[in-house]
Amino acid sequence: MKCRVCREPAVIDIRRHNANFCSDHFMRYCRDQATKTIKEFEMAHQGDRLLVAVSGGKDSLALWDILLELGWDVDGLYVGLGIGDYSDVSGDYVRSFFEAFAEPRGAKLIEVDLRATHGYDVPTASVATGRTPCSACGLSKRHLFDAAARDGAYDVLLTGHNLDDEAAVLYGNVMRWQVDYLARQRPMLAAGNGFPKKAKPLVRLSERETAAYCVLRGIDYQVDECPMAVGNRHLEYKNALGAAEEASPGMKQAFYFGYLREAVDLFATRPAPEGEAGEANTSLIPCDTCGSPTNGDPSGAATCAFCRLSQRSAAAEPVPVELLKTRRR
Ligand code: Q46
Ligand code: ZN
Ligand code: ZN
């Protein structure tokens, strides 16, 4: 197995491209794929200040490193979700990466701890509101990411979603015809209605490739799955698509990029779900508590979904993550 570029021994094969690469050319391939995606979807322009949301996992740390390597002015944002040891360990990986790879290149790390700043954590919010942990977590993260991007006057908020993630979300949304979500499934969402511009530059890389990038770069990352993800449908969709990809390399990429090319515009007029950006969302008002754009709550008050969740959760008895794991089984 030889590198497609230099003919030296290869360390990785990428079946959907029918290509093998040595370590240096593989890392260059990853950066080239990110650059191509940033350009194609106009994710960022020269001189922009970027903020990447990092979780301590392979995708977000690879993204921060790739953007720094490419010369972007990019800071990191880490949100401590209070999911027991998992969050403690994730935070440690982020801080180690920051000290070794980002701080020496002049980047900043912004940290927000959910319990310290808003008086609750994800397991408590889940029980207090009756939402699934991932729903409470997703709502909290979206709000805090948006707020950090606004407060820091960043031009773009970036996340490390990879091809496997996006294809699995698309698959789930198609299977259940969640058309409002399909409308928003783009790798770049323009700023609007008080929401920052959002982008996912790694949608051309699979998770096997982001993992390989980290290993070859010497980046340590959180390998464990979030304990709240157990039973999550997203993992089932990933497995189903993984089997199809195995039988037919390139299928995932064709599915996702085919959707962007042929179908996403068909859903463009659908309103965005609560707490989400969307050009069609023209009736938003500022939340009376935090000022974020909102549809208002069902009772008619102008309180956003995040503030409603955080008020109920902060007033509740803290729920240890172990209890939630037991309950979910
Ligand atoms: S961190 Fe949060 Fe994920 Fe854990 S609770 Fe679910 S959404 S699985 S990316
Ligand atoms: Zn090579
Ligand atoms: Zn609010």
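Before reading further, recall that the structure is shown in the block above.
Values in this document were obtained by computation on a predicted structure and should not be read as measured data.

Some points on the packing of aromatic side chains
Next up, step 1: Per the stated rule, a full pass over the model turns up 8 aromatic pairs.
Next up, step 2: The structure contains a cluster of three or more aromatic residues connected by ring pairs, namely Trp64, Phe97, Phe98 and Phe101.
Next up, step 3: Taking the ring centre of Tyr154 as reference, the NZ or CZ of Arg49 above it sits at 4.2 Å.

A few points about the nonpolar core
Next up, step 1: Core analysis: the biggest nonpolar cluster contains 60 residues, and Phe26 and Trp64 have the highest contact counts within it.
Next up, step 2: The dominant element in this core, judged by the number of residues it contributes, is helix α2 (residues 58-69), at 7 residues.
Next up, step 3: Filtering out sequence-adjacent residues up to four positions away, Phe26 remains in contact with Ile12, Ile14, Phe21, Glu209, Ala212, Tyr213 and Leu216.
Next up, step 4: One finds Leu77, Leu114, Ala229 and Cys304 within the second-largest nonpolar core, a separate group that totals 31 residues.

Structural notes on the coordination of the zinc ion (ligand 2)
Next up, step 1: The protein atoms that coordinate the zinc ion (ligand 2) are Cys3 (SG), Cys6 (SG), Cys22 (SG) and His25 (ND1), at distances of 2.0 to 2.3 Å.
Next up, step 2: For the zinc ion (ligand 2), the 4 donor atoms in the first shell make angles of 97 to 114 degrees at the metal, a pattern classed as tetrahedral.
Next up, step 3: Considered as a linear motif, the donors of the zinc ion (ligand 2) on their single chain read C-x2-C-x15-C-x2-H. His25 carries the same exposure label as Cys22, and that label is buried.

Considering the packing of α2 against helix α9 (residues 207-217)
Next up, step 1: For the pair α2 and α9, interaxial distance at closest approach is 9 Å and the crossing angle is 65 degrees. Remark: the crossing between α2 and α9 carries left-handed chirality. Along its contact with α2, which presents Lys58, Asp59, Ala62, Asp65, Ile66 and Glu69, the element α9 presents Glu207, Thr210, Ala211, Tyr213, Cys214 and Arg217.
Next up, step 2: When its residues are assigned to classes, the contact of α2 with α9 shows 5 nonpolar, 1 polar and 6 charged.

A short note on the coordination of the zinc ion (ligand 3)
Next up, step 1: Donor atoms from the polypeptide that bind the zinc ion (ligand 3) are Cys287 (SG), Cys290 (SG), Cys304 (SG) and Cys307 (SG), placed at 2.3 Å.
Next up, step 2: One can describe the donor arrangement at the zinc ion (ligand 3) as tetrahedral, given that its 4 donor atoms subtend angles of 107 to 112 degrees at the metal.
Next up, step 3: The sequence pattern formed by the donor residues of the zinc ion (ligand 3) is C-x2-C-x13-C-x2-C. Of the two residues, Cys287 sits in the loop between β9 (285-286) and β10 (293-294) while Cys307 sits in helix α12 (residues 305-314), which places them 20 residues apart along the sequence.
Next up, step 4: Residue classification places Cys287 among the buried positions, given a relative accessible area of 5%.
Next up, step 5: Assessed through its relative accessible area of 4%, Cys307 is described here as buried.

Quick look at the side chain of Gln222
Next up, step 1: Its place among the elements puts Gln222 in the loop between α9 and α10 (233-247).
Next up, step 2: Since its relative accessible area comes to 9%, Gln222 is described here as buried.
Next up, step 3: A polar atom in the side chain of Gln222 sits 3.2 Å from the side chain of Ser90.
Next up, step 4: For Gln222, the residues in contact, after removing those within four places along its chain, are Gly56, Gly57, Tyr86, Val89, Ser90 and Tyr93.

Things to note about the sheet that holds strand β3 (residues 49-53)
Next up, step 1: Spatially, 6 strands are ordered β5-β4-β3-β6-β8-β7 in an open sheet, and the strand pairing comes out mixed. Each edge of the open sheet carries a strand with a single partner, namely β5 (109-113) and β7 (188-189).
Next up, step 2: Looking at chain direction, β3 and strand β6 (residues 156-158) are connected through 3 bridges and run parallel. Note on β6: the bridge partner recorded for Leu50 is Val156.
Next up, step 3: Strand contacts of helix α3 (residues 84-102): β4 (73-80) and β5, with the helix running at about 160 degrees to β4, the strand carrying the most contacts.
Next up, step 4: Taken strand by strand, helix α6 (residues 133-151) contacts β3, β4, β5, β6 and β8 (197-199), and its axis lies near 145 degrees from that of β4.

Here's the deal with the pattern of salt bridges
One side chain can pair with another of opposite charge once the charged atoms of both are near each other.
Next up, step 1: One pass over the full model with this rule turns up 20 salt bridges.
Next up, step 2: A salt bridge links Glu69 to Arg31, with the nearest nitrogen and oxygen atoms 3.5 Å apart. A residue pair is termed long-range when its members are at least 10 positions apart, and Glu69 in helix α2 and Arg31 in helix α1 (residues 23-40) qualify at 38 residues.
Next up, step 3: Since its relative accessible area comes to 36%, Glu69 is described here as partly exposed.
Next up, step 4: The partner of Lys58 in a salt bridge is Asp59, with the nearest N and O atoms 3.4 Å apart. Taken individually, Lys58 and Asp59 each receive the classification buried, so the pair is uniform in this respect.

Here is what the cut-offs are and how they apply
- Residues numbered from 1 in each chain as written.
- Chains lettered and ligands numbered in written order.
- Predicted model: local features only at pLDDT ≥ 70, side-chain atom pairs only at ≥ 80, totals over all residues.
- Heavy atoms only, no water.
- Phe/Tyr/Trp six-rings, centres within 6.5 Å; stacked < 30°, edge-to-face > 60°.
- Lys NZ or Arg CZ within 6 Å of the ring centre and 35° of its normal.
- Core = buried A, V, L, I, M, F, W, Y, C linked by side-chain atoms within 4.5 Å.
- Buried < 20%, exposed > 50% of the residue type's maximum accessible area, 1.4 Å probe, protein only.
- Helix = DSSP H or I, 4+ residues; strand = E, 2+ residues; numbered from the N terminus.
- Contact = heavy atoms within 4.5 Å.
- Donors = N, O, S within 2.8 Å, 3.2 Å for Na, K, Ca; no water.
- Tetrahedral: all angles 85-135°; square planar, octahedral: opposite > 155°, others 65-115°.
- Axes fitted to C-alpha atoms, helices over the stretch in contact; angles between N-to-C directions.
- Left-handed = near helix turned anticlockwise from the far one by under 90°.
- Nonpolar A, V, L, I, M, F, W, Y, C, P; charged D, E, K, R; others polar.
- Polar contact = N/O pair within 3.5 Å; in protein donor to acceptor, adjacent residues only side chain to side chain.
- Pairing = 2+ DSSP bridges.
- Salt bridge = Lys/Arg side-chain N within 4 Å of Asp/Glu carboxyl O.

Keep in mind that these numbers describe shape and distance, not what the molecule does.
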